Amino acid sequence: MKKPIKKPAKTPESAAVEKPFPLKVNEARGEAPLWIGKVPLVLAAEMERLVAVSSRLQCKSLNDLYARLSGVEAAATWAGIELLTVRGDWRAALATLKLEHFSACGAAFMTILMHHFDGDEGNGEAVDETA
């Protein structure tokens, strides 16, 4: 008797890879896409947003802020989703947030932070397009 072959279970990350991202992402401006379950978000590390996250988390330095976001600490992840989202429904994303989403959050936070730390001056024309 043959045993049926089981397909691997789909994780939220693998399901997100298969579907197209529905929101516009301006990578030249340092934006990054993020799926939280079925909720698409676009994050950006704009200075005002970083100040808000840093203030909420009472970070003492930029290194502290970076470590907390990249380390996907629970409070930092929550604040990052809420305060760094430039497009998408962050409230719906937070309502569906689970620990299994934290690795994707960490990757998105790293992407938007590294855009600025790498010395990338960005694309001024792309920034003007979003204004």
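Scoring rules and cut-offs
- Residues numbered from 1 in each chain as written.
- Predicted model: local features only at pLDDT ≥ 70, side-chain atom pairs only at ≥ 80, totals over all residues.
- Heavy atoms only, no water.
- Axes fitted to C-alpha atoms, helices over the stretch in contact; angles between N-to-C directions.
- Helix = DSSP H or I, 4+ residues; strand = E, 2+ residues; numbered from the N terminus.
- Parallel < 35°, antiparallel > 145°, perpendicular 65-115°, else oblique.
- Contact = heavy atoms within 4.5 Å.
- Pairing = 2+ DSSP bridges.

Caption draft 1: Quick peek at the packing of helix 2 (residues 47-57) against helix 3 (residues 62-70). With their axes 10 Å apart at the nearest point, helix 2 and helix 3 run at an angle of 85° to one another. Classified by the interaxial angle, the pair formed by helix 2 and helix 3 is roughly perpendicular. Residue-level inspection shows L50, V53, S54 and L57 of helix 2 in contact with helix 3, the latter providing L65, R68 and L69.

Caption draft 2: Main features of the sheet that holds strand 3 (residues 85-88). Strand order in the open sheet formed by three strands is 1-2-3, with antiparallel pairing between adjacent strands. Every interior strand has two partners, whereas the edge strands, strand 1 (32-36) and strand 3, have only one. Averaged over neighbouring strand pairs, the angle between their axes works out to 30° when direction is ignored. Looking at chain direction, strand 2 (residues 39-43) and strand 3 are connected through three bridges and run antiparallel. Among the inter-strand pairings, L43 is bridged to a residue of strand 3, identified as T85. Sitting on the sheet, helix 4 (residues 74-84) is in contact with strand 1, strand 2 and strand 3, with an inclination near 70° to strand 3.

Honestly, that's just the spatial picture; any functional story needs more than this.
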